[in-house]
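# Observations on the model geometry
Spelled out, the chains give:
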Number of protein chains: 6
Amino acid sequence: MLFITRKEHFNAAHKLYNPQWTEEKNAEVFGKCSNPNWHGHNYSLFVTVKGNINPETGFIVNLKELSTVIRTEICDKLDHKNLNLDVDFLKGVMTSTENVTIAIFNILAPKIKKMGAELHGIKLYETENNYVEYFGN
Amino acid sequence: MLFITRKEHFNAAHKLYNPQWTEEKNAEVFGKCSNPNWHGHNYSLFVTVKGNINPETGFIVNLKELSTVIRTEICDKLDHKNLNLDVDFLKGVMTSTENVTIAIFNILAPKIKKMGAELHGIKLYETENNYVEYFGN
Amino acid sequence: MLFITRKEHFNAAHKLYNPQWTEEKNAEVFGKCSNPNWHGHNYSLFVTVKGNINPETGFIVNLKELSTVIRTEICDKLDHKNLNLDVDFLKGVMTSTENVTIAIFNILAPKIKKMGAELHGIKLYETENNYVEYFGN
Amino acid sequence: MLFITRKEHFNAAHKLYNPQWTEEKNAEVFGKCSNPNWHGHNYSLFVTVKGNINPETGFIVNLKELSTVIRTEICDKLDHKNLNLDVDFLKGVMTSTENVTIAIFNILAPKIKKMGAELHGIKLYETENNYVEYFGN
Amino acid sequence: MLFITRKEHFNAAHKLYNPQWTEEKNAEVFGKCSNPNWHGHNYSLFVTVKGNINPETGFIVNLKELSTVIRTEICDKLDHKNLNLDVDFLKGVMTSTENVTIAIFNILAPKIKKMGAELHGIKLYETENNYVEYFGN
Amino acid sequence: MLFITRKEHFNAAHKLYNPQWTEEKNAEVFGKCSNPNWHGHNYSLFVTVKGNINPETGFIVNLKELSTVIRTEICDKLDHKNLNLDVDFLKGVMTSTENVTIAIFNILAPKIKKMGAELHGIKLYETENNYVEYFGN
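What you are looking at is a predicted structure, and each value in this text was computed from that prediction instead of being measured. (Residues numbered from 1 in each chain as written. Chains lettered and ligands numbered in written order. Predicted model: local features only at pLDDT ≥ 70, side-chain atom pairs only at ≥ 80, totals over all residues. Heavy atoms only, no water.)

## Section: the overall build of chain A
Summing up its helical and strand segments, chain A has 3 helices and 5 strands in all. The helix and strand sequence of chain A, counted from the amino end, reads β-α-β-α-β-α-β-β. Summarising its shape, the C-alpha atoms of chain A cover approximately 60 × 25 × 25 Å along the three principal directions. Across the 137 residues in chain A, those meeting the buried criterion constitute 61%. Restricting the contact set of chain A to residue pairs at least 6 apart, pairs at least 24 apart contribute 68%. Summed over all atoms, the accessible surface of chain A reaches about 5600 Å², with 49% contributed by carbon and sulfur. For chain A, the distance from the average site of its 15 positive side-chain charges to the average site of its 16 negative ones is 4 Å. (Helix = DSSP H or I, 4+ residues; strand = E, 2+ residues; numbered from the N terminus. Buried < 20%, exposed > 50% of the residue type's maximum accessible area, 1.4 Å probe, protein only. Contact = heavy atoms within 4.5 Å. Areas by Shrake-Rupley, 256 points an atom, 1.4 Å probe, with all protein chains shown as cover. Lys, Arg positive; Asp, Glu negative; His and termini not counted. Charge placed at Lys NZ, Arg CZ, Asp CG, Glu CD.)

## A look at the interface of chain D and chain E
The figure often quoted for interface size is the accessible area lost as the parts come together. Taken together, the contact between chain D and chain E spans 23 residues of the former and 23 residues of the latter. Here chain D packs against chain E, burying approximately 1700 Å² in sum over the two surfaces, 46% of which is carbon and sulfur. Of all residues in chain D, the largest losses of buried area upon contact with chain E belong to Asn 37, Asn 42 and His 80 of chain D, amounting jointly to 33% of the total for that side. Summed over the shared surface of chain D and chain E, the number is 2 salt bridges. With its nearest N and O atoms 2.6 Å apart, the salt bridge here joins Lys 32 of chain D to Asp 79 of chain E. Put simply, chain D and chain E have 17 residue pairs in polar contact (both at pLDDT 80 or more) between them. Put simply, the parts of the chain that give the side of chain D that touches chain E at least two residues each are strand S1 (2–14), strand S2 (39–51), strand S3 (81–82) and strand S4 (118–127) of chain D. A per-element tally of the side of chain D that touches chain E places S1 of chain D first, with 5 residues. (Buried area = accessible area lost by both parts, 1.4 Å probe. Salt bridge = Lys/Arg side-chain N within 4 Å of Asp/Glu carboxyl O. Polar contact = N/O pair within 3.5 Å; in protein donor to acceptor, adjacent residues only side chain to side chain.)

## A few points about helix H3 (residues 97–114) of chain F
Relative to the 26 Å expected for 18 residues at 1.5 Å per residue, H3 of chain F spans 26 Å between its end C-alpha atoms, a close match to the ideal helical length. Of all bends in H3 of chain F, the biggest is about 30°, found at Leu 108 of chain F, and the proline Pro 110 of chain F comes one to four residues later. Inspection of H3 of chain F places Thr 97, Glu 98, Asn 99, Val 100, Thr 101, Ile 102, Ala 103, Ile 104, Phe 105, Ile 107, Leu 108 and Ile 112 of chain F among the buried residues, and these make up the whole buried set. Contact partners of the buried residues in H3 of chain F: strand S1 (2–14) of chain B together with strand S1 (2–14), strand S2 (39–51), helix H2 (63–78), strand S4 (118–127) and strand S5 (130–134) of chain F. (Expected span 1.5 Å × (residues − 1). Bend = angle between axes of the 7 residues up to and from the residue.)

## Describing the layout of surface pockets
All names here are of chain C. Empty space within the second largest pocket amounts to approximately 290 Å³. In terms of lining residues, the second largest pocket is bounded by 18 residues, among which Tyr 17, Pro 19, Gly 92, Val 93 and Met 94 are the most central. When its residues are assigned to classes, the lining of the second largest pocket shows 9 nonpolar, 7 polar and 2 charged. (1 Å grid on protein atoms, 1.4 Å probe; cavity = no way out; pocket = protein on both sides within 12 Å on 5 of 7 lines; lining within 4 Å. Points joined across faces, edges and corners; volume = space filled by probe spheres on them. Nonpolar A, V, L, I, M, F, W, Y, C, P; charged D, E, K, R; others polar.)

## As for the side chain of Thr 97 of chain C
Residue and element names in this part refer to chain C. Among the structural elements, Thr 97 can be located in helix H3 (residues 97–114). On the basis of relative accessible area, Thr 97 is assigned to the buried category, the value being 7%. At a separation of 3.1 Å, a polar atom in the side chain of Thr 97 contacts the side chain of Glu 126. When near neighbours in sequence (up to four residues on either side) are disregarded, Thr 97 contacts Leu 124, Glu 126 and Val 132.

## Re the pairing of S4 of chain D
Residues and elements named next belong to chain D. Counted residue by residue, S4 has 8 buried out of 10 residues, so it is predominantly covered. Taken together, the 7 bridges between S2 and S4 define a ladder with antiparallel strand orientation. Bridging across to S4, Phe 46 finds its partner in Lys 123. Pairing of S4 with strand S5 (residues 130–134), which is carried by 5 bridges, proceeds in the antiparallel orientation. Note on S5: the bridge partner recorded for Ile 122 is Tyr 134. Once S4 ends, the chain turns through 2 residues before running back antiparallel as S5. (Pairing = 2+ DSSP bridges.)

## Section: the packing of helix H2 (residues 63–78) of chain E against helix H3 (residues 97–114) of chain E
Residue and element names in this part refer to chain E. Axis separation between H2 and H3 bottoms out at 11 Å; the angle between their running directions is 150°. Accordingly, the angle class assigned to the pair H2 and H3 is roughly antiparallel. The interaxial crossing formed by H2 with H3 has right-handed handedness. Listed contacts from H3 to Leu 66, Val 69, Ile 70, Glu 73, Ile 74 and Leu 78 of H2 are Ile 104, Ile 107, Leu 108, Lys 111 and Ile 112. Across the contact of H2 with H3, the residue classes break down as 9 nonpolar, no polar and 2 charged. (Axes fitted to C-alpha atoms, helices over the stretch in contact; angles between N-to-C directions. Parallel < 35°, antiparallel > 145°, perpendicular 65-115°, else oblique. Left-handed = near helix turned anticlockwise from the far one by under 90°.)

## Examining unusual backbone geometry
Across residues other than glycine, the phi torsion is negative in most instances, and most of the peptide bonds are trans. Phi angles above zero are rare outside glycine, and Trp 38 of chain D is one such case at about 75°. With respect to the helices, strands and loops of the structure, Trp 38 of chain D is situated in the loop between helix H1 (23–30) and S2. Positioned with a positive phi, His 80 of chain F is a non-glycine residue whose angle comes to about 60°. Locating His 80 of chain F in the fold gives a position in the loop between H2 and strand S3 (81–82). Residue His 80 of chain F is classed as buried on the basis of its relative accessible area of 8%.

## Description of the interface of chain B and chain E
Every contact between the two is made by 19 residues of chain B and, on the other side, 19 residues of chain E. Across the chain B/chain E interface, buried area totals approximately 1600 Å², and carbon plus sulfur atoms make up 54% of it. The three residues of chain B that bury the most area against chain E are Glu 98, Asn 129 and Tyr 131 of chain B, which together make up 33% of that side's buried surface. In this structure, the connection of chain B to chain E is made through 0 salt bridges. Among the secondary structure elements, those contributing two or more residues to the side of chain B that touches chain E are helix H1 (23–30), helix H3 (97–114) and strand S5 (130–134) of chain B. It is S5 of chain B that contributes the most residues to the side of chain B that touches chain E, 5 residues altogether. Taken together, the residues of the side of chain B that touches chain E break down into 10 nonpolar, 6 polar and 3 charged.

## Quick word on the relation of the copies chain B and chain E
After a rotation of 120° and a shift along the axis of 0.0 Å, chain B superposes on chain E with an RMSD of 0.0 Å. Here the transformation between the copies is reduced to the relation of a three-fold axis. Across chain B, the rotation axis passes nearest the C-alpha of Glu 128 of chain B, at a separation of 8.6 Å. (Least-squares fit on C-alpha atoms with pLDDT ≥ 70 in both.)

## Let's talk about the state of the cysteines
Inspection of every chain in the model, using the stated rule, returns 0 disulfides over all chains. A disulfide-free cysteine, Cys 33 of chain B has its sulfur positioned 15 Å from the sulfur of Cys 75 of chain A, the nearest such atom. (Disulfide = S-S within 2.5 Å.)

## With respect to the pattern of salt bridges
All names here are of chain F. Within the structure shown, the criterion is met by 30 salt bridges over all chains. Glu 8 is paired through a salt bridge with Arg 71; the nearest N and O atoms lie 3.0 Å apart. One end of the pair, Glu 8, is in strand S1; the other, Arg 71, is in helix H2, with 63 residues separating them in the sequence. Using a relative accessible area of 42% as the deciding quantity, one classes Arg 71 as partly exposed.

## A closer look at the relation of the copies chain D and chain E
For these two chains of identical sequence, chain D goes onto chain E by a turn of 180° and a shift of 0.0 Å along the axis, with RMSD 0.0 Å. Taken together, the rotation and translation relating the two chain copies correspond to the operation of a two-fold axis. Both copies contact each other with a shared surface, as 100% of the interface residues of chain D are interface residues in chain E too.

## Focus on the side chain of Lys 15 of chain A
All names here are of chain A. Topologically, Lys 15 is positioned in the loop between strand S1 (2–14) and helix H1 (23–30). The side chain of Lys 15 sits in the buried core without any salt bridge; Glu 23 is the nearest counter-charge, 6.9 Å away. The residues contacting Lys 15, other than those within four sequence positions of it, are Cys 33, Ser 34, Asn 35, Pro 36, Trp 38, His 39, Asn 84 and Thr 95.

## Things to note about the arrangement of the chains
The two units chain B and chain C remain apart, with a minimum C-alpha distance of 14 Å. Chain A makes no contact with chain E; the smallest distance between any of their C-alpha atoms is 14 Å.

In structure tokens form, the structure reads like this:
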């Protein structure tokens, strides 16, 4: 059993805001992250897949195909977008790094299964100083 | 004559959009950067100051003071903000990295002169793959 | 169950020296790390917390609070200090990256428990070429 | 139980090519990686060792010795080499990152056991956008 | 006058070898870089363009177009290639970082002139520890 | 005329302290950098050399020789040392990054002249957030 990781990127706007709270409570809990006019990040996305080596290729999974799946399913939908407004699979979700990470995992897991491997985990950097990891349970 | 550089950060939303153009022309020129719902970046800001060494301190300029000036004058006004909507000194300006870099230079130059040194240049990274430099003329 | 990691920094002096050994044995085992006049490093500290998402915030833990705890309990006590001389919780400890990592874990674990989450692990870089990880057992 | 990781480097040429396939199939599966005239990479190698702390040194393992073992057993044999042609322990192996990672693990595991510690895992970056990890089973 | 820089990548094989010298002299001067079976690198290429801002776009030059020019003219011809064997514009040239940098400059300068800007300089990293810069004269 | 840059490292202890001042004034100006028990850094040193290409080698200067000169003349004297106490060429000098940068330049300039090239500049990072550059006048 080996693990292979592919890094991709997307740049997006978002805000942290709980619509069931007052402005004051949002400001108190989320601070400047609740700016109603949005802010944004260069996100770095690490997708780790596990599996056995195909002896004919030496690969767990073809990295070019893996990259295409991540770009098609995730980056094309998040890059240069507003995470709160523009993304079907984040509708009604607080766009914390935690929730975005889980959503990405849930989309990619079945796609990678179809490639004959298994999604091990997602690691999402919001800035170079903080990241979230999710392994599916 | 020496040069000292301080790196600071801000995370902001913006879009590239020329209000005198049609939607189509904006989309054609700016592509996904013109998304009306905004996108965003983790900006890295490098401020380079030149001067001679003060023999009592060994410093061109006190880095802690330099950092405070950059944070007060620039980062506090841009961090977790929308560059198109929230920033007095960018009102009516296309928020390309080029224009943001010039605006930052013009604000910091007189502040650094007051510290007894000279602003040499500003280097602003929008992503790890592109940055703009401006040296004041 | 998710994992969130926050990166912080401290710059410190130290030496590796076993007082029960001769100078020669210290030099032989620790090499230039045993320089009696000290040397130093820019340490990078990664603190990983695990927990479930609070549905009201989308957070495992509020990163700003996590950062404050790490800075107050660790960085303020180690930054611009001599690890061998200035730090209460390292008194009598060989200041190898291994021992510093364990000490940091043991201080932060109960503080993070009070925040309603669990400290998963500490990763401490002494240089960009070596780091130690500790997961508490 | 702690984990210590040492990073080393090697720069090498290779190609991905299955000799039992036609040129066409190689090109189809491996794309530009199958260029018969080779291409190459700056590989980054992370070796993670686990063990308990020796109370006399504060070390799991002496990093200088660990570095020497990695350089002698691995980097000296791969650096500025052709992975397909010049390396005894890769003869007849597809030089995918996956297979190189396993080969490195299998060489280092007994060497590190002799140092009184245990090889936990190997992480090998082929580019900054992809890496493989192997933990021995 | 501003400067904008775009970073691109290519991974290639090469060797340093002077065909007018003996094997011994090549080995003496170039060391392991003269391995007849090649070695390789992940090259990072920084292209810096200077010009004035187009007030309609806020751009010196459209970065997407700049990226396309660099990829079409340079990266597509060098990526996953052997610099000594596969590249028209390096035929008969020692493939030192110095010579590759100059060759890239000379190809890009007229292309960027056609975009209405001026090529200021090329910075080419062979490894993270060494790079060459050329400004055209 | 081209420029080639080599990156090297050293890890050292130091403090900022003006012996002609009171403790209070030192603390006021230098803050935690004046800790009498020292602190330290992982310094990154970039040495840029300019010259013309030797057509027989394709080199401005042999990088291996350049690296050896930097290590022998600078890194061996600063690495795992106390900059205030252990370094002949820094005796009586405030060990600010500015002063260390100038001292390194002045040592390396004549050595690089002997190699048939010219020292263009020194860039010294004290942390990843600040660096000094000196070009010799």
